[in-house]
Amino acid sequence: MASGVLLLKKRQLIEDLPRRLKRVLIPYFLWFIVYFFIKMFKEYGISYMMNISNILNFLGAALLDPTILTVQFWFIYMIVGVYIISPVISTWVTAATKREISYFLVIWLFLLTLNMTNINFLLVDYLKFFTGFIGYFILGYYLDITRNKYLMSPKFGLLIFLIGAVMTMVGFITTSYIDGANNYLFIKLGDLTLNAALEATGLFIILKNIDYKKLFKKYEPTITKHITTLSIYSYGIYLANILLINIFYTHGFNINISPFIMVPIFTIITITVLLLILKVFERIPILRKMTGVR
């Protein structure tokens, strides 16, 4: 959605793709190598790694599906796919009317809902232009250019977010109760569900329309400075975070307390440690590309 805001306001040229893809893929492949050898060592051991054929086979599988190395890598292939198609999408949205963009988004939301059912509707196979993460890409742009009292109201955004959150919780509990086991229909990897779309839309509206100067008052410049620093390193933090979390858990950093307490504390610790590590990496030429900083 953020990419939709930043990229779709003007036509994206095919000539710009190499630069954009390079920005994403270089840090990714460097961290890919780290996760690759750690995963192979932990799963198969050093003797397996001594065989070139084994390495190549595992490498091929990991390149086709990098989530076998670490779950967060799904996002990299998704955003690369969005960037590749962005010249086509940007050409359309800059020429399209709001009504035409709304038309696209209504179909997208309908298909999100339909995909959460067991209905095998052949027509869906022929509407794949309206499915997937391209919907979030266009949705971000639409919410940015649309001016009405609802889409500019943080209170309305909170309402939409809460509706999506309640749908997620009630849906997960209900389907799991019926199945007698955890059912992840409402918590699909990649968040291509109606409830996730509502949560994302609500959060987007909230963050976009808050008056931060009024909210933070005299502290706003300081807070903005720190958030800007965090955003600069956010890609590197995203790529590295699971590795650090696994290290924490391997060494016993797993306190049995309520998630409402543990998750915020763990998040702050993880982000802080990675921010410090990436700042060190930035000072070392051979490691600088791993930071994800431009």
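Residues numbered from 1 in each chain as written. Predicted model: local features only at pLDDT ≥ 70, side-chain atom pairs only at ≥ 80, totals over all residues. Heavy atoms only, no water.

Caption draft 1: The arrangement of the environment of R294 in detail. As for its position among the elements, R294 is in the segment after α14 (259-282). Spatially, the C-alpha atoms of R294 and I232 are 8.2 Å apart, while their sequence positions differ by 62 residues. (Helix = DSSP H or I, 4+ residues; strand = E, 2+ residues; numbered from the N terminus.)

Caption draft 2: Representation of the pattern of salt bridges within the structure. Overall, the coordinates contain three salt bridges when judged by the stated rule. The salt bridge involving D144 is made with K208; its shortest N-O contact spans 3.7 Å. With a gap of 64 residues between them, D144 in helix α8 (residues 134-145) and K208 in helix α10 (residues 194-209) connect regions that are remote in the sequence. Exposure remark for D144: the relative accessible area of 10% places this residue in the buried category. (Salt bridge = Lys/Arg side-chain N within 4 Å of Asp/Glu carboxyl O. Buried < 20%, exposed > 50% of the residue type's maximum accessible area, 1.4 Å probe, protein only.)

Caption draft 3: Up close: unusual backbone geometry. Even without glycine at this site, K217 takes up a positive phi of about 55°. Mapped onto the elements, K217 comes out in the loop between α11 (212-216) and α12 (220-232). Assessed through its relative accessible area of 63%, K217 is described here as exposed.

Caption draft 4: Structural detail: the packing of helix α2 (residues 17-44) against helix α5 (residues 74-95). Interaxial distance between α2 and α5 falls to 10 Å at its minimum, and their mutual angle equals 175°. Relative to α5, the element α2 lies roughly antiparallel. Contact residues: L17, R20, L21, V24, L25 and Y28 in α2; I76, Y77, I79, V80, Y83, I84, S86 and P87 in α5. Considered class by class, the residues forming the contact of α2 with α5 number twelve nonpolar, one polar and one charged. (Axes fitted to C-alpha atoms, helices over the stretch in contact; angles between N-to-C directions. Parallel < 35°, antiparallel > 145°, perpendicular 65-115°, else oblique. Contact = heavy atoms within 4.5 Å. Nonpolar A, V, L, I, M, F, W, Y, C, P; charged D, E, K, R; others polar.)

Caption draft 5: Seen up close, the packing of aromatic side chains. Counted under the stated rule, the structure contains 25 aromatic pairs. Between the aromatic rings of F172 and Y184, the centroid separation amounts to 6.0 Å while the plane-to-plane angle is 40°, which identifies the pairing as tilted. Of this pair, F172 sits in helix α9 (residues 154-179) while Y184 sits in the loop between α9 and α10, and the two are twelve residues apart along the sequence. Assessed through its relative accessible area of 23%, F172 is described here as partly exposed. Through a chain of ring-to-ring contacts, three or more aromatic side chains come together here, namely Y28, F29, F32, Y35, F36, F37, Y44, Y48, F58, F73 and Y77. Over the aromatic face of Y83 sits the side chain of R20, whose NZ or CZ is 5.8 Å from the ring centroid. (Phe/Tyr/Trp six-rings, centres within 6.5 Å; stacked < 30°, edge-to-face > 60°. Lys NZ or Arg CZ within 6 Å of the ring centre and 35° of its normal.)

Caption draft 6: View of the nonpolar core. Grouped together as the largest cluster of nonpolar side chains are 67 residues, with contacts concentrated most on W31 and F73. Here this core gets nine residues from one element, more than from any other, and that element is α2. Not counting chain neighbours up to four residues away, the residues in contact with W31 comprise F73, L239, A240, L243, L278, F281 and M290. (Core = buried A, V, L, I, M, F, W, Y, C linked by side-chain atoms within 4.5 Å.)

Caption draft 7: Spatial organisation of the side chain of Q12. Tracing the chain through its elements places Q12 in the loop between α1 (2-7) and α2. Taking relative accessible area as the criterion, Q12 reaches 6% and is therefore assigned buried. Within polar-contact distance, the side chain of Q12 engages the backbone oxygen of L7 at 2.6 Å. Non-local contacts of Q12, meaning those with residues more than four positions away in its chain, are made with L7, R20, S86, P87 and S90. (Polar contact = N/O pair within 3.5 Å; in protein donor to acceptor, adjacent residues only side chain to side chain.)

Caption draft 8: Here's a closer look at a nonpolar patch on the surface. There is a patch of nonpolar side chains on the surface, built from I119, F121, L122, L123 and Y126 and spanning about 540 Å² of accessible area. Inspection of the secondary structure assignment puts F121 in the loop between α6 (98-114) and α7 (122-125). (Patch = residues over 30% accessible without salt bridge, like charges linked within 9 Å, V, L, I, M, F, W, Y side chains within 5 Å. Areas by Shrake-Rupley, 256 points an atom, 1.4 Å probe, with all protein chains shown as cover.)

Caption draft 9: Molecular detail of the environment of K208. The exposure class assigned to K208 is partly exposed, which follows from its relative accessible area of 33%. Through-space distance from the C-alpha of K208 to that of S153 is 9.3 Å; in sequence the pair is 55 residues apart. When neighbours within four sequence positions are excluded, K208 is seen to be in contact with L143, D144 and R147.

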